[in-house]
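# Examining the three-dimensional arrangement
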Amino acid sequence: MDDPFDAGAGSILRQPKAVWATAGASVVAFMGIGLVDPILPSIARGLDATAGQVSLLFTSYFLITAVAMLLTGFVSSRIGGRKTLLLGLAFVVVFAGLAGTSDTVGQLVGFRAGWGLGNALFVSTALAVIVSAAAGGSAAAILLYESALGLGMACGPLLGAVLGNISWRYPFFGTATLMAVGFLCITAFLKEQPKPARRTSILDPIRALGHGGLASAAASAFFYNYTFFTVLAFTPFVLNMTPYRSGAVFFAWGVLLALFSVVVAPRMQKRLGSLKVLGGSLVLLAADVLVLGYGGHTAAVVCTILSGAFIGVNNTVYTELALGVSDAPPDSVRGYPQRPVASAGYNFVRWFAAAAAPYFAPKIEEWTDIHVPFVVAAVTAVLGAVVVLVRRNALTHDAAELRPRHATEDGVTVFAN
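Everything in this summary refers to the structure shown in the same document. (Residues numbered from 1 in each chain as written. Predicted model: local features only at pLDDT ≥ 70, side-chain atom pairs only at ≥ 80, totals over all residues. Heavy atoms only, no water.)

## Thoughts on the overall build of the protein
Secondary structure assignment for the protein yields 14 helices and two strands. Residues counted as buried form 59% of the 417 residues belonging to the protein. Looking at the protein alone, contacts between residues at least 24 apart form 86% of all its contacts between residues at least 6 apart. Summed over its atoms, the accessible surface of the protein is roughly 15400 Å², and 66% of this surface lies on carbon and sulfur atoms. (Helix = DSSP H or I, 4+ residues; strand = E, 2+ residues; numbered from the N terminus. Buried < 20%, exposed > 50% of the residue type's maximum accessible area, 1.4 Å probe, protein only. Contact = heavy atoms within 4.5 Å. Areas by Shrake-Rupley, 256 points an atom, 1.4 Å probe, with all protein chains shown as cover.)

## Some remarks on unusual backbone geometry
Of note in the backbone geometry, Asp-48 takes a positive phi value of approximately 50° without being a glycine. Looking at where Asp-48 falls in the secondary structure, it is placed in the loop between α2 (40-46) and α3 (51-79). By relative accessible area, which is 74% here, Asp-48 ends up exposed. Despite not being glycine, Asn-240 has its phi angle at roughly 50°, a positive value. Topologically, Asn-240 is positioned in the loop between α9 (212-239) and α10 (243-272).

## Topic: the pattern of salt bridges
What the rule picks out here adds up to one salt bridge. Residues Asp-204 and Arg-207 are paired through a salt bridge, measuring 2.9 Å at the closest nitrogen-oxygen approach. Linking Asp-204 with Arg-207, this pair stays in helix α8 (residues 204-208), spanning three residues, or about one helical turn. (Salt bridge = Lys/Arg side-chain N within 4 Å of Asp/Glu carboxyl O.)

## Structural notes on the environment of Cys-155
For Cys-155, the position within the fold is in helix α6 (residues 138-164). Measuring from C-alpha to C-alpha, the distance between Cys-155 and Ala-248 comes to 9.6 Å, with 93 residues separating the pair along the chain. Setting aside chain neighbours within four positions, we find Cys-155 in contact with Met-31 and Phe-251.

## Some thoughts on the packing of α3 against helix α4 (residues 81-99)
Closest axis-to-axis distance for the α3/α4 pair is 7 Å, and the angle between their directions is 130°. In this view, α3 runs oblique relative to α4, as classed from their interaxial angle. From α3, Val-75, Ser-76 and Ile-79 reach across to α4, where they touch Gly-81, Lys-83 and Thr-84. Looking at the contact of α3 with α4, its residues break down into two nonpolar, three polar and one charged. (Axes fitted to C-alpha atoms, helices over the stretch in contact; angles between N-to-C directions. Parallel < 35°, antiparallel > 145°, perpendicular 65-115°, else oblique. Nonpolar A, V, L, I, M, F, W, Y, C, P; charged D, E, K, R; others polar.)

## A few points about the environment of Lys-17
Take Lys-17: it is sitting in helix α1 (residues 17-34). Residues Lys-17 and Ile-186, 169 residues apart in the sequence, show an inter-C-alpha distance of 9.0 Å.

## Notes on the side chain of Thr-304
Tracing the chain through its elements places Thr-304 in helix α12 (residues 297-325). We classify Thr-304 as buried; its relative accessible area is 0%.

## A word on the packing of aromatic side chains
This structure, assessed with the given rule, holds 18 aromatic pairs. Arranged with centres 5.2 Å apart and planes meeting at 20°, the rings of Tyr-224 and Tyr-318 form a pair that is stacked. Of this pair, Tyr-224 sits in helix α9 while Tyr-318 is found in helix α12, placing the two residues 94 residues apart along the sequence. Like Tyr-318, Tyr-224 is buried. For the cation-ring pair, Arg-78 lies above Phe-74, with the distance from its terminal atom to the ring centre recorded as 3.8 Å. We note Arg-112 situated over the ring of Trp-115; from NZ or CZ to the ring centre the distance is 4.7 Å. (Phe/Tyr/Trp six-rings, centres within 6.5 Å; stacked < 30°, edge-to-face > 60°. Lys NZ or Arg CZ within 6 Å of the ring centre and 35° of its normal.)

So, to be careful, I would describe these as geometric facts and stop short of saying anything about function.
Structure representation (structure tokens):
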């Protein structure tokens, strides 16, 4: 296989302006996930809110994202990829801007929900558009998309820290401004993409979950995502650091996530097989969050950063599983197989856990103590591994270990994933 970073025609670096415009907007879209992490305590102080109330910023965002997974294919298969991207960007610009004007935590949570709808529409379509418009085949396009994902996840907390140190409102205004630039770039450089031959119904993703392998992958990912978003949404209150220091911690976390997702995970899969890598990574993540919850402050910082490595591996392998086990009807962009219906069903299930964790973790702390939310997160990670073990036959393709491929080929994956 050709090196996608080679300077030739198939290089990741030699792409049309439309691809760079979409990839750049994708970076900002993924930044929005972790943007609020360093400023959660500042938002709580600024709006006189509790940790549980502020954590609803994640809950509203991902609850709407989960439901929107049933709508993205329905919308894009009717109005086309370009218009879906622009619609999503417009939602983000409006609601991120409004979030910065909030006077109460209720307003902020509501605006964050609208932001989640826009992000779902954009992210669910961006990869398909990049693959369709890219030069040099799908491999370079997918690597470019995954690089955008990793860069966004790493830089989101950093941007939140820099702007949030001035005011908690500025990161929201900054995101709205950057997404407005992305809107203009896509309007100028991206031509309309061909519509899929088959229109997607709202219920198609639910029907896809009737496949045992896909349902197993979604169930395991549900438990894993609860652990993931306990770390992402609850840890900032445990660290209790300034925006700059918290941003630095989550920037390092994001760098490990990107590195292990794009570089390390595929090599580990090739050497050990997807299911062994996933099961081992989930168990290690469980151990990591236990130490995070019960160790001192330094241990919490180290384990927060280290969790990015396990999360990066898990994101890649879970997407592989969701794509590899389903028999949902494939679509095609330039002959590259895609499974938007299957991936929408898979994401519909797993994002509910992303919405649940930020809500329940502070509640569990109120009912017990600050350590127990991490015990629950460790248990859910282990439950994810148990599902992989028990359902390993359903999670293999043609009775063999899944053949490693690049993770995000479906156009519906969020941060992963």
